[in-house]
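Tertiary structure, described
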Amino acid sequence: MNEMSRKGGYGLDVHTSYVLSGDRTPGFPGEQRSVRRLRVTPEWAYGLSDNIELGAYLPLTTLDHNGRFNVSGEKMRIKFIAPHPAEQAWFWGLNFELGRVQHRLDPNPWNAELKGIWGVKAGSWTVASNLNYDFKVHGPAPSPSTLDVSTKLSYQLNDRLSLGVESYNDLGETRRLGHLGRQSQAVYAVIDRSFGAWDLDLGVGHGYAGAQDA
């Protein structure tokens with residue numbers, strides 16, 4: 001989306017996720033599966049200008065069903081939202097992330113993502129989409145670059161509450177796109193609720209097709 005910290009302002013989002021069911025088989029030796037693990041990641045933000053925001057996912061943490069706590073890495077990001085007049089309904093931007101994670105999350109420690117941002121607001125409706133290009137920066141395991149697209153459709157009931165649907169769809173490796181029925185797909189029902197200076201975004205979803213987590 002196009003939310004930005006004001007110039008010189010700070011922001012904090014806390015991303016929390018828990019997978020109820022899914023494939024428990026590791027994708028590679030030593031992988032930490034997401035099933036039955038609580039993942040909590042603070043996302044810190046700073047408004048460098050009116051159109052550029054710096055951010056850090058720090059730290060990436062997990063708590064498994066046995067109560068074991070792990071710190072698994074960190075990511076840095078920079079987001080740009082193109083300037084546009086207030087009356088303009090549509091917006092676009094770019095977001096770049098560079099992260100280092102431990103082996104339990106990825107066999108390659110350094111990875112990056114370039115995200116294209118696009119959206120339009122029409123009355124109480126908002127539709128937004130991200131096209132994500134993910135690639136390995138450094139690591140020992142062969143890893144082709146991949147594409148995925150995420151989309152959100154939401155309806156604002158009032159100035160504090162909106163309802164929506166989000167979808168996350170892998171498109172596959174960039175060198176051979178297609179076979180969508182074999183790729184990971186997920187759909188979420190979401191509620192966005194404002195509590196003064198704080199917002200709560202809650203989503204419940206299900207994975208299908210090639211998704212490992214349900």
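The residue count restarts for each chain, going from 1 along the sequence in the order it is written. This being a predicted model, a pLDDT of at least 70 is required before a residue's local features are given, and a value of 80 or more before pairs of side-chain atoms are given or counted; all residues contribute to the totals for chains, interfaces and linings. Calculated side-chain values reflect all of the structure's heavy atoms, with hydrogen atoms and water omitted.

Pairing of aromatic rings covers Phe, Tyr and Trp, the last through its six-membered ring, and needs centres within 6.5 Å; plane angles under 30 degrees mean stacked, over 60 mean edge-to-face, and all others mean tilted. The final tally for this structure, using the stated rule, is five aromatic pairs. Aromatic side chains Tyr-10 and Tyr-46 sit 5.0 Å apart centroid to centroid with 45° between the ring planes, which places their arrangement in the tilted category. A residue pair is termed long-range when its members are at least 10 positions apart, and Tyr-10 in strand β1 (residues 10-18) and Tyr-46 in strand β2 (residues 38-47) qualify at 36 residues. Between Phe-80 and Trp-92 the ring centres are 5.9 Å apart and the planes differ by 70°, which places this aromatic pair in the edge-to-face class. Of the two residues, Phe-80 is situated in strand β4 (residues 69-81) and Trp-92 in strand β5 (residues 90-101); the sequence distance between them amounts to twelve residues. The class for Phe-80 is partly exposed, based on a relative accessible area of 29%. Residue burial is assigned from relative accessible area. The probe radius is 1.4 Å, only protein chains are included, and a residue is buried under 20% of its type maximum, exposed over 50%, and partly exposed in between. Given a relative accessible area of 38%, Trp-92 falls into the partly exposed group. To sit over a ring, a charge needs its Lys NZ or Arg CZ within 6 Å of the ring centre and within 35 degrees of the ring normal. For the cation-ring pair, Arg-193 lies above Phe-195, with the distance from its terminal atom to the ring centre recorded as 4.6 Å. Secondary structure elements are taken from DSSP: a helix is a run of H or I of four residues or more, a strand is a run of E of two residues or more, and numbering for both begins at the N terminus.

This part takes up the pattern of salt bridges. Any carboxyl oxygen of Asp or Glu that lies within 4 Å of a side-chain nitrogen of Lys or Arg is treated as forming a salt bridge with it. A full pass over the atoms with the stated rule returns eleven salt bridges. A salt bridge links Glu-53 to Arg-77; its shortest N-O distance comes to 2.7 Å. Residue Glu-53 is located in strand β3 (residues 52-63), and its partner Arg-77 is located in strand β4; the two are separated by 24 residues in the primary sequence. Overall, Glu-53 belongs to the buried group, its relative accessible area being 4%. Within the structure, one salt-bridge network assembled from shared partners comprises Glu-43, Glu-53, Arg-77 and Lys-79.

Put simply, a patch holds well-exposed residues, over 30% relative accessible area, that have no salt bridge, with like charges counted together within 9 Å and Val, Leu, Ile, Met, Phe, Trp or Tyr side chains within 5 Å. Surface accessibility follows the Shrake-Rupley procedure with a 1.4 Å probe radius. Residue values consider only the protein chains on display as shielding. The charge count includes Lys and Arg as positive and Asp and Glu as negative, but it does not include His or the ends of the chains. To locate a charge, take NZ of a lysine, CZ of an arginine, CG of an aspartate or CD of a glutamate. On the surface, Glu-3, Asp-13, Asp-199 and Asp-201 cluster together into a negatively charged patch. Relative to the helices and strands, Asp-199 resides in strand β11 (residues 198-209). Its relative accessible area of 58% is what places Asp-199 among the exposed residues.

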